[in-house]
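Chains, contacts and geometry: an overview
The residues making up each chain are set out below.
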Amino acid sequence: MNPVTYHRAASVAQALESSAAPGHRLLGGGTNLVDLMRKGIERPTGLIDVTQLSETIALAEDGSLLVGAAARNSAVAAHPLVRSRTPMLARAILAGASAQVRNMATIGGNLMQRTRCLYFQDEAGSRCNKRDPGSGCDAYGGFNRYHAVIGGSPACIAVHPSDMCVALAAFDARVRVAGASGTRAIALVDFHRLPGDRPDLETLLEPGEVIEAVEIPAFAGPSAYRKVRDRASYAFALVSVAAGLVIEEGRVADIRIAFGGIAPKPWRAFRAEAALRGAAVTQAAIDAAMAAEFADAAPLPGNAFKIDLAGRTLSALLAELSGSDR
Amino acid sequence: MSRMQNAVIASVKTALGWVPAQWLPGGTPDPLIGRSAAIGRQDNRLDGPAKVGGLARFSAEVPLQRLSYAALVYSSIVRGRITRLDTAAAEATPGVILVMTHRNMPRIGLVPLIGVTDLSAVGNSSLPILQDATIRYNGQVVAAVVAETQEQADHAASLIEIDYAAEPGKTRFEEAKTDARTPASILIEKNHVSVGNAERELAAAAHRVDNVYRTPGQNHNAIELHAVTVAWDGDSLVVHDTIQMVASSAKALAKLFGLKKDKVRVLSPFVGGGFGGKGLWDHQVVAVAAAKLAGRPLRLVLSREGVYRIVGGRSPSEQRVALGADADGRFTAIVHTGYSIMPPHGACPEQYSLCTRALYRSKSFEILQRHLDLDIVPNTYMRAPGEAIGTFAVECAVDELAHEMGIDPIELRRRNEPDRHPIHGSPFSQRALIQAYEQGAARFGWVRRQAEPGTLRDGEWRIGLGCASGSFPYARMPGANVRLTLRSDGSATIASSAQEMGMGTATVQVQHAADRLGLPVEAIGFELGDSALPAGPMAGGSSQTVSLAAAIMAASEKLTAELLRLAGNDSPLAGLRAGDVRLLDGGIGAIEDPSRHESYRSILARAARDEIVVDAAGSAPLEMLKFAMHSSSAIFCEVRVSDVTGEIRVERMLGSFDCGTILNPKTAASQFRGGMIMGLGLALTEETLFDERSGRIMNATLADYHIPVHLDVPEIEVMWTGIADPRSPLGARGIGEIGITGVGAAIANAVFNATGKRVRELPITLDKLL
Amino acid sequence: MAIRINGQEVAAPQDARVSLLDLLREQLHLTGTKVGCNQGACGACTVLVDGARVLSCLTLAAQADGRSVTTIEGLGSAEAPHPLQSAFIAHDGFQCGYCTPGQICAAAAMLREIAAGVPSYVTADLTAPALPTRDEIRERMSGNLCRCGAHNGIVDAILRVAEEQAA
């Protein structure tokens, strides 16, 4: 790890001021950044601890839930409002990492989490366009069972590892960001970028901007999250599914679907939702929705199973949400 | 004949000078069998309070004045030469004391590969360590940085710049098959076994299965990282290490660095998990050399990645197993051949075919292992080397044959249970595998199993039951020494350089010594983990307990003779000979006449002695050569497999063991369970991802190499026959490794029973079931 | 400011790279807190910061400034062991003993989390009170790896203490 300085920001204004300095990075719980610094993948010269900023979890006037960026993952998952209104979000957070990590990690930091791609993580011995643009990608032709089946590019097929963001994507969450010229809101589904030919650019956050809060609009129906992984617990997702469902008169009135573990960003399944909206939840309808969603998929021999797995998991989850045993 | 085979036989011959009458052919079993008091009791671990309090000091935790810290740099190519090595930036970094590379590393010889003839030969790799610019595998140590703090050392290591001239390396398993080697022997067994004409029998068999099974590389992943704290004092060297072979590594380091044997002391009172991986590897040698150059005490803790880079694991394998049976299910042919990696610079064959020689009788056998040479950190012994993956292949095949024949897999095993060693013809010292099956099946509820796969369901979950046999050979190491000190206050201490890595070494040997010496456990101490003590055996091959037991037994006989001599004519014991007495009730007494007894205190007081000290060595392990001696087990397992996702959950497991006398049910149960849980990982989650393009291990972290977590581990029941082995000390056989054997197959067989899908390639991940 | 470690005030280190784990082990010689991966994947370094279980390997010591840290040495002593420490011995919840302090620290905090109603991934009804069942404990302890395979003993020990606390 490079020599580094450490300061705490007492306010968003302070954080904005300090983070303008070259080589400075914001530090949340440190569960990802400190690990990457130790591996030499991140080399900041200064750290600004932003865990003193808002950790409030409260209802906003428009009925959405406002979560301060410094709120710990465990606090969000345990909050009564989150458990009762958006169980899918609570379950997604609880599916991630371990209790210790969730006690440390912050909501803001979780949004900025970087990929677990084995070749990205191997600074000393592997080529990676995300770490070192233009150097090549060793995941192609290598171990890519955990890699993207959709949304990837010739430059990069690394997946976004967050569970929480999958649920946030499904709920149309917005990221409230402060910058030198004021604040703006970014839809979570837009916050993370697809790799294209610049996999090193991962989010829409501009240098010097600070995440203040996440807003989660209310959702009327039941919601759930299911994560499929190689261990029963404490493992990243092969596939995860966040789904919310409102059925009226036997037809889908509102539906939210997002997938984790299959794409470079939390994958909101807009096409599948569109296909299912207004339809009865049948296996045929789900199959058609999945076919529409993954029409542009580019699976590799090592990870092609994930499309089938995602469909099966979605199907089981929608059955659970609609209370049927289809 | 291999080096090892020659070595064992030679060492046994040289040790023939003193042979106990007791449990050898024609003799009587260890007299402690059947009259134990402390043995067999569920004593808590003696080191429990220290371990739960965080007070047990491991090797990286020894405080020293002026301590320096080291960090290593590893090669990132598989084969070639270093053409540029720039250490200037690292050396200029604040806190850096020195950078050591092949340019300034002291010239030393090669580490002698592990063996038995030469007790200082304990190396896992015979490649040079920082002696030249040649790269021989991806991950090899190429530099070490020594600094005032770990943070400084780590940072400086990242500043070292290296250019390589890369050459093509041998990294592909499939390609290496073209020049596979066929060793003459596998450990102490002849490699090629050909009894009858197995291929012809197979072709003519009424029933047959013939399949290929694949198992991946695996790593030990002890939670404690490999770590040494090293201090030189002139020409004396003290190494605080975490190692399974204290005595022999001290001798090896002395030889490498040209020191007298008594000038090197290795201390390892606690080993934070070993499983075969805590041997002598490059890092100890580098640390000793770097501390010498730095003129400072030094600590080197490998990073988790570093452990993967320079400490080998279990070799991958590809095994063909074919079984032929007559119409009644009696085996007419057993074929077990295959490939595993063992580079010439390594020492450990992955002996997957050994179980096949002992498990079943058959009209014919064809057994042969071939070794592949790759440019790779050499594989080493990992819990039940060979047997863990060999039983996977063979015991899946038995299940497949039973399914094909439509008979119960336990019944098929019963029909092929041997009455003597199937290859050697030697008698079993004791074997009750079928009894273990019967007791296990009753307890587990095997009757619930439906022969037709996919029958049992619970919602989206399919339920399956499976079983398999486990097997592990008995071993007792020659050269096990102890010192027994009996004091005038009636207390005793046993000392040996032996190792404690969670087996409960001291706990169990104190229980043993209590019974052997006729003292309460509270009166006995046990010192271990120090090469300054009499050289104990290494912790390997599930042999340490009986090896130490035999040495303590020998010491007690010497002590008896010495006590009788001291007792003299004024004692109630006057005139008795060693064969007439035994040690009991805090003293020595006549076997025939309980009234003739004198306490240790009394004898020592009259002789005006504060203590009696005897050194003794265990007898030559001749029983191993005369008898077929194996621990065996019947493993039962129930899994559920999701119809939706293919996820597998092990619902419960039961291990029914036949391993001789169980010395401490509490610690033994933990060892059995521990092995079974590692078997669960082997079956379902564990795989070292070796990228054949680069020769590099890609999942060198505990996040990406999946060992089972709490939620993967169900309640595991263990039981045992408890039948004493009449040919071993205390009637005991090894229990440390048997637990993992058979588990891979039991789980695979249960998965088949649940789903009808037969997965012959480990680990059984969910994508293989979709 | 200072870090309060087992009741003693300690200055945060000058070098901001020093983790809480290395501060404990290398500077304070509180070596009961273990290092198993140094990358947040094993749980051996678990300590309590302001009562919450965290990984000391990924916590910079500077981040703990002004906070209160409890390690295994502060949880109980040889004379007055924590109930979990005694239960781990009675149920043989360890073999090599290396992951043990982390398991015990994690378990101590976990029982408080359950008592406070914090749910887990396996809690069927997220709005119902959490209970210390075997499955709940297994899920909640999954961040603490054990390679010797003492899982059954660990869960048994924790269940025993949970029952005693409930009684």
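For the structure, see preceding data.
Notes on the structure in this doc start here. (Residues numbered from 1 in each chain as written. Chains lettered and ligands numbered in written order. Predicted model: local features only at pLDDT ≥ 70, side-chain atom pairs only at ≥ 80, totals over all residues. Heavy atoms only, no water.)

With that settled, consider the nonpolar core. Residues Phe 257, Val 639 and Ile 747 of chain B together with Ile 158 of chain C are the most contacted members of the largest nonpolar core, which totals 224 residues. Here this core gets eleven residues from one element, more than from any other, and that element is helix H11 (residues 387-405) of chain B. Once residues within four sequence positions are removed from consideration, Ile 158 of chain C is found in contact with Leu 84, Phe 88, Ala 107, Met 110, Leu 111, Ile 137 and Met 141 of chain C. Counting 43 residues, the second largest nonpolar core, distinct from the first, contains Leu 111, Phe 171, Val 214 and Tyr 225 of chain A. (Core = buried A, V, L, I, M, F, W, Y, C linked by side-chain atoms within 4.5 Å. Buried < 20%, exposed > 50% of the residue type's maximum accessible area, 1.4 Å probe, protein only. Helix = DSSP H or I, 4+ residues; strand = E, 2+ residues; numbered from the N terminus. Contact = heavy atoms within 4.5 Å.)

Residue and element names in this part refer to chain B. The mixed open sheet is built from five strands, whose spatial order is S9-S17-S16-S15-S10. Strands with a single pairing partner mark the edges of an open sheet, and in this sheet they are strand S9 (193-195) and strand S10 (207-215). Neighbouring strand axes in the sheet, compared pairwise and without regard to direction, differ in orientation by 10 degrees on average. The pairing of strand S16 (residues 331-341) with strand S17 (residues 365-372) spans eight bridges and is classified as parallel. Each bridged residue has a counterpart across the sheet, and for Tyr 339 the counterpart in S17 is Arg 370. (Pairing = 2+ DSSP bridges. Axes fitted to C-alpha atoms, helices over the stretch in contact; angles between N-to-C directions.)

Let's shift gears to the pattern of salt bridges. Following the criterion strictly, the structure yields 86 salt bridges over all chains and no others. Arg 25 of chain A is the partner of Glu 42 of chain A in a salt bridge, and the nearest nitrogen-oxygen pair spans 2.5 Å. On the criterion of sequence distance, the pair formed by Glu 42 of chain A in the loop between helix H2 (33-38) and strand S3 (46-49) and Arg 25 of chain A in strand S2 (residues 24-27) is long-range, its members being 17 residues apart. Classification of Glu 42 of chain A as buried rests on a relative accessible area of 10%. Among the ionic pairs, Arg 733 of chain B bridges to Asp 658 of chain B, the shortest N-O distance being 3.6 Å. (Salt bridge = Lys/Arg side-chain N within 4 Å of Asp/Glu carboxyl O.)

Quick look at the interface of chain C and chain B now. Note: interface size is frequently given as the accessible area lost on complex formation between the parts. In this complex, chain C contributes 52 residues to the contact, which on the side of chain B involves 60 residues. Both sides of the chain C and chain B interface together cover about 4,400 Å² of buried area, and 57% of this is carbon and sulfur. Here chain C and chain B share six salt bridges between them. For Asp 92 of chain C, the salt bridge goes to Arg 45 of chain B, with nearest N and O atoms at 2.6 Å. For the interface between chain C and chain B, the tally reads 26 residue pairs in polar contact (both at pLDDT 80 or more). Among the elements of the structure, helix H1 (20-27), helix H2 (72-75), helix H3 (83-90), helix H4 (100-115), helix H5 (134-140) and helix H6 (151-166) of chain C are those that each provide at least two residues to the side of chain C that touches chain B. For the side of chain C that touches chain B, the residue count by class is 23 nonpolar, 16 polar and 13 charged. (Buried area = accessible area lost by both parts, 1.4 Å probe. Polar contact = N/O pair within 3.5 Å; in protein donor to acceptor, adjacent residues only side chain to side chain. Nonpolar A, V, L, I, M, F, W, Y, C, P; charged D, E, K, R; others polar.)

With that settled, consider the packing of aromatic side chains. Residue and element names in this part refer to chain B. Under the criterion given, the structure shown has 13 aromatic pairs over all chains. Look at Tyr 213 and Phe 392: their rings are 6.0 Å apart centre to centre, the planes differ by 90 degrees, and that puts the pair in the edge-to-face class. Here Phe 392 lies in helix H11 and Tyr 213 lies in strand S10, a separation of 179 residues in the sequence. Each member of the pair, Tyr 213 as well as Phe 392, is classed as buried. One aromatic cluster is present, built from ring pairs that chain together Tyr 437, Phe 444, Trp 446 and Phe 636. Over the face of the ring belonging to Phe 428 we find Arg 431, whose NZ or CZ atom lies 4.8 Å from the ring centre. (Phe/Tyr/Trp six-rings, centres within 6.5 Å; stacked < 30°, edge-to-face > 60°. Lys NZ or Arg CZ within 6 Å of the ring centre and 35° of its normal.)

Taken by themselves, the reported measurements are silent on function.
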